[in-house]
Amino acid sequence: MAELTDGGRAAHHAYPCAQCGAAVEFAAGTGTLTCPYCGHEQEVTAVVREVREHDFAALAATARPAAPAAHDYRCGTCGAVTTSDHLSQKCGFCGSPMVAEVETLGLVEPEAVLPFEVDRAAMQGALQTWVRSRWFAPSALKKVVSAEQAHGVYLPHWTFDARTRSDYTGQRGEHYWVTETYTTTDSEGRSQTQTRQVQKTRWYPASGTVARDFDDVLVTGTHRVMPEHLAKLSPWPLQQARAYQPDYLAGYETLRYDVEPEAGLEAAKQDMAPVIENDCERDIGGDVQRVHQVRTSYAAVTYKLLLLPVWIATYLYGGKPFQVLVNARTAEVVGERPWSAWKITLAVLAGLLVAAAIVWAVVANGDGGSAAALAEAALGQAGLGEAAAHWAAPGWRESVGVPVYPVV
C-alpha cells in the first residue's frame, strides 16, 4: 500500500514493502507492486472510474499557478532529500521509489497512463534484434543491449478531441484529351507529320464545407526527447490506457510536461490540417484539385494528459552520446546509430570485387552491353548502395573509429 508523506508542496507517495520494509516497484506486464528483495507482491490499488476527457475552454478560463521549477522529495525510507523536476523517480541515496502528489505542484494532473508492459529482459531482447539489423554499425553498438543505465521513463503527452467545420475555396480540374499534330525528321532527313493525344485540364471554381470529428490527436508534452523519434514509436494502444494511479509510476522516472496545453492544442491543429485539406479535395471531386483557402472552426474541444512508457538506453561512441528508445508497450525500437567506416569500406570493396568478376565473365562471353547493369545489380543485391552513399556523403568520415557526427 502506498503511503503519502507529510511534506506540503513536497508531498509524495512512498512504497514500503509490507513484508520486509524495503520498497516495492511496479512490475511491468503485471498488476502488482513487487519487492525486488523478498519478492512480496502487492496488488495495485484499483481506481474505479473511466478515463475522462476534459473541457479545454474551462481549462483556458482558469488561472493556473506557476509550477515550481523543481520540488523536494523526502525519502520515506532513508530520510534523504532529493530536489528534482520529475513527477517520479528513485531516491538517489537508497533507491526507494518516490511519486509526487501532482495536485500540490500546480500542474495539470495526469488523467491516464499506459503502464509498462515490456520488462527489462524483453527490452534487452528487442534491442538485441535491433542491433543485429544494423549491418554497418560498429561492434561497440552491441554494448547497448546490456547497458545497465537503460531506464524506464513515463513521457507526458496531450491528447485532443475536436469537432471541426471547415469552409474552403479552391478549383476542380477535369481532364480532357486533344489531338496535336507535330513534325519529325527521319534518319534520311525527310519530314514526317504525325499526331498524338495530349491530356489537358479545365479548371472550375469550387467551394464548400466539410466537417470531421477528431479523436485522441496525440501531441508530445516534452522537449527532452526528440519528437521525430517519439513519432516513430507510434502507434500506441491508447484504448488500453488506464485511469491515472500513482502506483504505476513506482520505480520509474516520470517527466513533467514542459509543453503547455495551449501550445499542445496548436500543435494538434497543425496535425489536423492535412487531414482536413484531404477532406476538402475529396469534396471538390474531379480529376485533380486545388485548395486555395481553408477556414476551420473548432467546437467541443477536450483534452487529457496521458503518460506513455518508454525505455531509454544511452551509449557513448567516439566520445558522443547516442540514444535508443523502446516502446514499452509494443517493443518497437527507434534510435541513433553511428556508421563504421571500416565495415563500409570492406563491404564496398567486396562488392566491387564481385561486380568486377561479373563484368569480366560477361565480357568474356561477348555480352558487354549488360555488364554495367549486372554490376549495379550485384552491388544492390549485396546491400551496399546505402553504405556507399553514406561513405561518399560530404562531411561524414570516420577517423580511427570516431564519427564526426551521427547518421540515424
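Residues numbered from 1 in each chain as written. Predicted model: local features only at pLDDT ≥ 70, side-chain atom pairs only at ≥ 80, totals over all residues. Heavy atoms only, no water.

1. Here's the deal with helix α2 (residues 120–132)
Helix length check: α2, at 13 residues, gives a terminal C-alpha distance of 18 Å against a target of 18 Å (1.5 Å per residue), a fit within 8%. The complete set of buried residues in α2 reads Met123, Ala126, Leu127, Trp130 and Val131. Within α2, the buried residues cover an arc of 135 degrees as seen down the axis, which keeps them to one side. What points out from α2, more than 90 degrees from its buried face, is the exposed set Ala121 and Arg132. Where the residues of α2 are buried, they touch β16 (288–317), β17 (320–327) and β18 (333–335). (Helix = DSSP H or I, 4+ residues; strand = E, 2+ residues; numbered from the N terminus. Expected span 1.5 Å × (residues − 1). Buried < 20%, exposed > 50% of the residue type's maximum accessible area, 1.4 Å probe, protein only. Arc of directions from axis to C-beta. Contact = heavy atoms within 4.5 Å.)

2. Points about unusual backbone geometry
Here the residue pair serine 234 and proline 235 is connected by a cis peptide bond, since its omega of 5 degrees sits within 30 degrees of zero. You can see proline 235 is positioned in the loop between α3 (227–232) and β14 (242–243). With a phi angle near 50 degrees, alanine 300 is a residue other than glycine that sits in the positive phi range. Here alanine 300 shows up in strand β16. Here alanine 300 falls in the partly exposed class, since its relative accessible area comes to 49%.

3. A look at helix α4 (residues 261–284)
Under the 1.5 Å per step criterion, the end-to-end length of α4 is 34 Å for 24 residues, consistent within 8% with the ideal 34 Å. Along α4, the sharpest change in direction is near 30 degrees and occurs at methionine 272; proline proline 274 comes one to four residues later. Looking at the buried positions of α4, the neighbouring elements they touch are α1 (56–60), β12 (151–185), β13 (191–220) and β16. (Bend = angle between axes of the 7 residues up to and from the residue.)

4. Let's talk about the packing of aromatic side chains
The final tally for this structure, using the stated rule, is 10 aromatic pairs. A centroid spacing of 6.2 Å and a plane angle of 85 degrees characterise the contact between phenylalanine 56 and tyrosine 303, whose relative ring orientation is edge-to-face. Taken as a pair, phenylalanine 56 in helix α1 and tyrosine 303 in strand β16 lie far apart in primary sequence, 247 residues in all. Grouping residues by exposure puts phenylalanine 56 and tyrosine 303 together as buried. Pairing phenylalanine 116 with tryptophan 311 gives two aromatic rings, centres 5.6 Å apart and planes at 80 degrees, and the pair type is edge-to-face. Pair noted here: phenylalanine 116 is in the loop between β11 (112–113) and α2 and tryptophan 311 is in strand β16, with a separation of 195 residues, a long-range link. What makes phenylalanine 116 buried here is its relative accessible area of 1%. Take tryptophan 311: its relative accessible area is 5%, and that puts it in the buried class. (Phe/Tyr/Trp six-rings, centres within 6.5 Å; stacked < 30°, edge-to-face > 60°.)

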